[in-house]
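# A closer look at the structure
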Amino acid sequence: MQAVKILSTGSYLPPKVLTNFDLEKMVDTTDEWIRTRTGISERHIVEEGVFTSDLAFEAAKIALANAGLKASDIDMIIVATASPDNMYPSTACWVQKKFNIPGIPAFDISAACSGFVYGLSVAASFIESGKYKHILLCGAEVMSKVVNWKDRETCILFGDGAGACIVTKSEDGSSGIISSYLGADGTLGDLLIQPAGGTRMPASHETVDKNLHSVHMEGQEVFKHAVRTMASTGERVLKEAGMTADDVDIYIPHQANMRIVEAACKRVKIPMSKTYSIIHKYGNVPAASIPLTIDDAIRANKIKRGDIVLMTAFGAGFTWGGMVLKW
Ligand code: ACO
């Protein structure tokens with residue numbers, strides 16, 4: 001077991017709520033279609049002038065307070081996001097500026113919905129190296145700025161929000177990461193992509209007119225890969241931990257669609273009663289989905305120290321990752 005633990009968590013949702021009924025007035029959809037096909041009833045979205053780093057900063061302040069730490073105690077900042085403030089500087093650097101703690105390393109992780117699991121693996125390695133003591137890891141998204149609000153197949157899925165945690169050494173070894181696994185398959189990158197804005201397709205009048213700066217997705221293909229990979233990742237990390245689904249106290253999946261979670265649970269043989277979900281109220285909040293869910297579960301007394309927690313994620317890239325932790 002890696003003697004690395006999540007010391008504390010925090011989360012932040014922008015106050016404005018967009019319900020399925022609001023979406024009925026914007027695109028050709030219904031509350032019933034969205035709920036039955038995705039499990040989503042509402043999502044939070046930012047007001048103008050609020051950025052991904054603002055949400056990450058708010059969540060991070062709560063995680064710090066819950067750890068009883070000051071900003072000056074942070075040794076490194078990692079932000080996992082698919083909707084960064086800018087291409088550069090990184091969103092992590094904007095968070096650093098808000099805390100006014102220059103000097104320490106700060107960088108983003110680009111692994112879409114798998115970003116938090118990737119970030120936690122990276123943070124755990126740095127903690128294990130002994131060089132860093134407290135790493136601030138955030139998953140933060142403002143997807144409302146990168147979806148096409150005229151595309152009913154994607155705009156109904158996403159929400160804004162941030163989750164944060166402080167990663168540190170488990171001094172007494174009572175909690176830690178029992179197994180972890182990361183994977184990716186760049187050959188399938190075109191199935192879920194924000195086509196324009198990078199060097200492949202720099203911004204132009206044409207890219208704006210064709211809405212190429214927003215999420216483009218082959219929904220059914222992504223769905224199939226997500227189910228298969230979330231399940232195989234869960235099975236793999238459980239096997240590496242020397243455990244079965246029966247040993248899991250709580251399953252925290254990435255939540256893109258409740259039907260993906262249900263299908264993955266069935267394959268891994270984890271009952272839905274052991275699964276904690278927030279998708280109905282927050283939608284798919286890519287890299288923020290898992291940390292928001294963990295924080296919500298802690299506040300609902302559904303995770304306590306000593307519990308066996310399974311996490312799995314899948315997202316654009318494609319990327320995926322899983323972990324078994326003793327909380
Ligand atoms: N309202 C009403 N009807 C709709 C809507 C909508 N919002 N969206 C699509 N439809 C219609 C389609 O046009 C289609 O109509 P047709 O039969 O007349 O052609 C019908 O509903 C069925 O469409 P499907 O695409 O088959 O619907 P499906 O059940 O596959 O659900 C969805 C679509 C929700 C997008 C699903 O495929 C999905 O969740 N995919 C995976 C999403 C995901 O995992 N994303 C990854 C994370 S994002 C990241 O990593 C950044």
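None of these values were measured; they are calculated from a predicted model.

### Considering the overall build of the protein
Assigned secondary structure in the protein consists of 11 helices and 13 strands. The C-alpha extent of the protein, read off along each of the three principal axes, is 55 × 45 × 35 Å. Out of the 327 residues belonging to the protein, those deemed buried represent 55%. Taking the intrachain contacts of the protein between residues at least 6 apart in sequence as the baseline, contacts between residues at least 24 apart amount to 76%. Accessible surface computed for the protein: about 14200 Å², of which carbon and sulfur atoms make up 52%. In the protein, 33 positive and 36 negative side-chain charges are present, and the distance between their average locations comes to 3 Å.

### A look at the domain arrangement of the protein
When cut into domains, the protein gives domain 1 (4-169) and domain 2 (176-326). Summarising the inter-unit geometry, the C-alpha centres of domain 1 and domain 2 are found 14 Å apart. Contact with domain 1, which involves 51 residues of that partner, is made by 47 residues of domain 2. For the pair domain 1 and domain 2, the two sides together bury roughly 3600 Å², of which 64% comes from carbon and sulfur.

### Focus on the side chain of E141
In this fold, E141 is placed in strand β6 (residues 135-142). No salt bridge is formed by the buried E141. Its closest oppositely charged neighbour is K145, at 12 Å. Ignoring any residue separated from it by four or fewer positions in sequence, one finds E141 in contact with T52, L55, T81, A82, S83, G159, D160, G161, V285, P286, A287 and A288.

### Quick notes on the packing of aromatic side chains
Inspection of every chain in the model, using the stated rule, returns three aromatic pairs. Ring geometry for F57 versus F99: centroids 4.7 Å apart, planes at 75 degrees, classification edge-to-face. Linking F57 in helix α3 (residues 52-67) with F99 in helix α4 (residues 91-99), this pair joins segments that are 42 residues apart in sequence. Taking relative accessible area as the criterion, F57 reaches 14% and is therefore assigned buried. Directly above the aromatic system of Y181 lies the positively charged group of R236, at a separation of 3.9 Å from the ring centroid.

Definitions and cut-offs
- Residues numbered from 1 in each chain as written.
- Predicted model: local features only at pLDDT ≥ 70, side-chain atom pairs only at ≥ 80, totals over all residues.
- Heavy atoms only, no water.
- Helix = DSSP H or I, 4+ residues; strand = E, 2+ residues; numbered from the N terminus.
- Buried < 20%, exposed > 50% of the residue type's maximum accessible area, 1.4 Å probe, protein only.
- Contact = heavy atoms within 4.5 Å.
- Areas by Shrake-Rupley, 256 points an atom, 1.4 Å probe, with all protein chains shown as cover.
- Lys, Arg positive; Asp, Glu negative; His and termini not counted.
- Charge placed at Lys NZ, Arg CZ, Asp CG, Glu CD.
- Domains from an automatic or database assignment.
- Buried area = accessible area lost by both parts, 1.4 Å probe.
- Salt bridge = Lys/Arg side-chain N within 4 Å of Asp/Glu carboxyl O.
- Phe/Tyr/Trp six-rings, centres within 6.5 Å; stacked < 30°, edge-to-face > 60°.
- Lys NZ or Arg CZ within 6 Å of the ring centre and 35° of its normal.

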